[in-house]
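Chains, contacts and geometry: an overview
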Amino acid sequence: MERSSGVAEDGTVAGGLLTARAGVAALDDHGVAVALDGLIDGSGIWSGRGALAGIERTGRYLAGTWEPAAPDEGPGTAGEGSWARFIGRIGAVALRAAVEPTRDERRRRLLALLEIWADSPFADPEARIRTGLVRPADGGPAAVRDERGATVAVGWAADGLRKFVDVRTGLPAPPSLGTIEEVTDVPRGWGSAGQVRRLVDLVRERGPVPWDLHAVTVLRDGTGMGRAAASFALAGMLAAGYLPRLDDREREIHRLKLAEIEDGVRERGRMGPLDRLELMADVLPEDPAELWEPQGMRAVAERIAQVWRERYGRRTVVPERTFDAVVELNPSSLSAGRFCAAFTDHAAIRGLGSDLDTWIRNSDSGFRPFATAEDWGLRDFDDTLRAVVPNLFWVCTELPAGDPVRSGVPGLVRALLERLNHPGLLLDAGSLSRAVGHTVADVRDRFGSHPYTDGPEPLHVESADDGLTVVVDGVVDRRGDRSQPELYFRPAFYADDDRSRTLLAARADSRHSPALELVEWLRGPVCARIVERVEDASLPTGSYETNPAHSAPALTAQAATELGVDQDAAALYLQLLTLRTPSDRNIRTWNGWKPARHHKAAAVLAERGLAVEDKRARAGRRLFLPGEWIHAKKPYQPMEAWKAQLLGLERAYNGRLATPLPLPTRTLPELFAHAWGLVREGRGPSA
């Protein structure tokens, strides 16, 4: 067995015990951080050897069964000390260690940690343990122990403070390392020494708990989260860095595609390691053997769902076809679950259900000041605004009438408009254009001399506030370079006036901060007409706006007559003219066609020269408008040049399509009519 220098076969080193079990020494390396990813902070600090040994020595020191080599030495640190949160929450680690999807090399380290844990005071329900922050005296010890108990520093110093764990053995408080700034009793949940040992023994005797796909469904239906996120949560793996490293075996067990995996990663949203620990801390059965029973994992899923609902509420469960379509859409930084919830449960989303008061605060890290709000509310609102507004047209046109996400469009738009009308909301308008100026002093003639004063503390840099726009100076980096001033605006006061025109003229490239365009569009007539289309009951339930036979029947009939084709061929032609992704699969879904009916309509168009048959990369279809084809790489969609111009898409420098669709200027029936009008005028697609 490979050992670090100075480690004997019994696991000892000069000055004390390295680990309770000699076999753990070979596991005690950077792999521990990977196994615990998402449940600890600062995983990079865990990259050296000794994490398991550090936890083991800390427990033994607190129990009085380990002595350091010198009186002023402590047990040493394990990572940056966030493992202390496992006390009372070790069930989250145990769940990950037990289930089948966990990779074996990670499982070995998790089981080793659990064995160490079972032998420590951390697994003793009667132990009086606290954690907190202490301001130690200069040069003071890292651990102290006397007849009252023991205290150990478990992390490195930050701002003069260190994390600590203490155990009290008598009535007085245990000895302290310095001035205690914060302290709390640890929670008491699943994870007594007997439970932990029994789970470890069962995993080694029976193998990991077999995966239950039905339990994933139970969790998905009980929370409204996506299938991928539910699968990861059930495996104790709802973490950011853990999931992209899934190997082929793990993906096969989860039964997930790559796009679903990436979406499941985004589901975590603002969850931190402590949130994940508390979600899974008490979901294991009192007797771990129940996990191997036929309904064992389903009971775990129900308990996770209950905790999730208590903490985050329950989302509306949307049809799987809708969810899968949103996963494929890949709406920016939002997971499919959070995207759908914006439409179905917007009142429960931070920043959407009530007005949001924001302010500009100084950065603690030497960066420029930034806009913020309580509890990540501004980040959630901004993420939602940027994700849903550019995709609102897609929701209304490519989801069927009666779909809960589509039906939620009017309510979501009203909520967004209400929030934007709140005077206390500030949004990022991008950087000041270099052509306009480089400091606040350069633009006082535009934005006045009144500084920003709405925040809880004065800004460390110069600012100007004209009531609509706030300009904040950049900061100077270590090389002496100054960043451009940042612009913020209050959408409640954004209108067709001089102040708003001054803001528009002063900002840099809008593509990096499109909030102004999004606000204008939401308040504009096109958005209002799209909302009216959703509220109009004329579209039959289950049918799609993308099918002109339903959304523009008179136009389809006119096109059929003038082209001399049947209704199916006319509808297909209008779809080829206007729709961004008229793949064979989409056409059959939108029109309710079987392949034979689709082929018949396509053959008519090809025979008349209205379309050409071909095979092109990433098109998903064999029928195209005549004329030039423009290529594109993911996530952008290749399409005919005529259609790209119709939709307002611009080519990149290399001639490809590399920009997202602009905000729509027409409803889809209006776009059908516009495209058909161009054809009638002789300006349609041609070879």
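Scroll up for the structure.
The following paragraphs examine the structure supplied in this document. Quantities reported herein were computed from a predicted structural model and do not represent experimental measurements.

Broken down by element type, the protein carries 28 helices and 17 strands. Counting only C-alpha atoms, the protein reaches 95 × 70 × 45 Å along its principal axes. The burial tally for the protein puts 54% of its 687 residues in the buried class. Contacts in the protein between residues far apart in sequence, at least 24 positions, make up 68% of those at least 6 positions apart. Taken as a whole, the protein presents about 30100 Å² of accessible surface, with 49% of it coming from carbon and sulfur.

Before going further, it helps to examine the sheet that holds strand 6 (residues 162-168). As summarised here, the arrangement of the five strands in space is 4-5-6-3-7, forming an open sheet in which the pairing is antiparallel. What marks the edges here is a single partner per strand, and that holds for strand 4 (143-146) and strand 7 (178-185). Taken pair by pair, the neighbouring strands of this sheet meet at an average axis angle of 20°, ignoring direction. Judged from the seven bridges that link them, strand 3 (residues 128-136) and strand 7 form a sheet pairing that is antiparallel. Counterpart to leucine 133 in the pairing with strand 7 is glutamate 182. In the packing of helix 2 (residues 51-63) onto the sheet, the strands contacted are strand 4, strand 5 (149-153) and strand 6, and the crossing angle to strand 5 comes to about 155°.

Here the structure, examined in full by the defined rule, presents eight aromatic pairs. Taking the centre distance of 4.8 Å and the plane angle of 40° together, the rings of tryptophan 117 and phenylalanine 122 count as tilted. Here tryptophan 117 matches phenylalanine 122 in class, with each residue buried. Plain terms: the ring middles of phenylalanine 624 and tryptophan 629 are 5.1 Å apart, the flat faces sit at 85° to each other, and that makes the pair edge-to-face. A relative accessible area of 0% means that phenylalanine 624 is categorised as buried. Since its relative accessible area comes to 13%, tryptophan 629 is described here as buried. The residue whose ring lies beneath arginine 145 is tyrosine 61, and the NZ or CZ to ring-centre distance is 4.3 Å.

On to the nonpolar core. If you look at soluble globular proteins, the nonpolar side chains tend to sit buried side by side. The biggest cluster of nonpolar side chains holds 88 residues, and the ones touching the most others in it are Phe86, Leu114, Trp117, Leu234 and Met297. Top contributing element to this core by residue count: helix 4 (residues 104-118), with eight residues. Setting aside anything within four residues of it in sequence, one finds phenylalanine 86 in contact with Leu36, Leu39, Ile40, Val93, Leu113, Trp117 and Leu277.

Bringing a negative patch on the surface into the picture now. A cluster of acidic residues, Asp282, Glu286, Glu290 and Glu293, forms a negative patch on the protein surface. Within the secondary structure layout, glutamate 293 lies in the loop between helix 10 (273-280) and helix 11 (296-312). Classification of glutamate 293 by relative accessible area gives partly exposed; the value is 48%.

Okay, the pattern of salt bridges next. Going through the model one piece at a time under the given rule, you end up with 49 salt bridges. One salt bridge connects glutamate 670 with arginine 529, and the closest N-O pair in it is separated by 2.9 Å. Of this pair, glutamate 670 sits in helix 28 (residues 668-680) while arginine 529 is found in helix 21 (residues 525-535), placing the two residues 141 residues apart along the sequence. With a shortest N-O distance of 3.0 Å, glutamate 562 and arginine 680 are connected by a salt bridge. Of this pair, glutamate 562 sits in helix 23 (residues 553-563) while arginine 680 sits in helix 28, placing them 118 residues apart in sequence. Taking the relative accessible area as the measure of exposure, glutamate 562 reaches 42% and is therefore partly exposed. One continuous salt-bridge network, built from bridges that share partners, spans Arg103, Glu105, Arg106, Asp247 and Glu250.

Reading the values: the criteria
Per chain, residue numbering runs from 1 following the sequence as it is written. With pLDDT at 70 or above as the cut-off, local features in this predicted model cover only qualifying residues; side-chain atom pairs require 80 or more to be listed or tallied, and sums for whole chains, interfaces and linings still use all residues. Values shown for side chains rest on all heavy atoms present in the structure; no hydrogens or waters enter the calculation. A helix here means a DSSP run of H or I that spans at least four residues, while a strand means a run of E at least two residues long, and both kinds are numbered starting from the N terminus. Buried, partly exposed and exposed residues are distinguished by accessible area as a fraction of the type maximum, computed with a 1.4 Å probe on protein chains only: under 20%, between the cut-offs, and over 50%, respectively. Two residues qualify as a contact provided that any one of their heavy atoms is within 4.5 Å of a heavy atom in the partner residue. Here, Shrake-Rupley sampling with a 1.4 Å probe gives the accessible areas, and only protein chains in the shown set may cover a residue. Only strands that DSSP links by at least two bridges are regarded as paired with each other. For helices, the axis comes from a line fit to the C-alpha atoms of the stretch in contact; other axes are also lines fit to C-alpha atoms, and the angle between any two N-to-C directions lies between 0 and 180 degrees. Two aromatic rings from Phe, Tyr or Trp, using only the six-membered ring of Trp, form a pair when their centres are within 6.5 Å; if the ring planes differ by under 30 degrees the pair is stacked, by over 60 it is edge-to-face, and anything between is tilted. Definition used: whenever NZ (Lys) or CZ (Arg) falls within 6 Å of the ring centre and also within 35 degrees of the ring normal, the charge is taken to sit over that ring. The criterion is simple. A nonpolar core is a set of buried Ala, Val, Leu, Ile, Met, Phe, Trp, Tyr and Cys residues joined through side-chain atoms within 4.5 Å. Residues form patches when they are more than 30% accessible in relative terms and have no salt bridge. Like charges link within 9 Å. Nonpolar side chains (Val, Leu, Ile, Met, Phe, Trp, Tyr) link within 5 Å. Basic side-chain nitrogens of Lys or Arg form a salt bridge, by our definition, when they fall within 4 Å of a carboxyl oxygen of Asp or Glu. Here Asp and Glu are counted as negative and Lys and Arg as positive; His is not counted, and neither are the chain ends. One atom stands in for each charge, and that atom is NZ of Lys, CZ of Arg, CG of Asp or CD of Glu.

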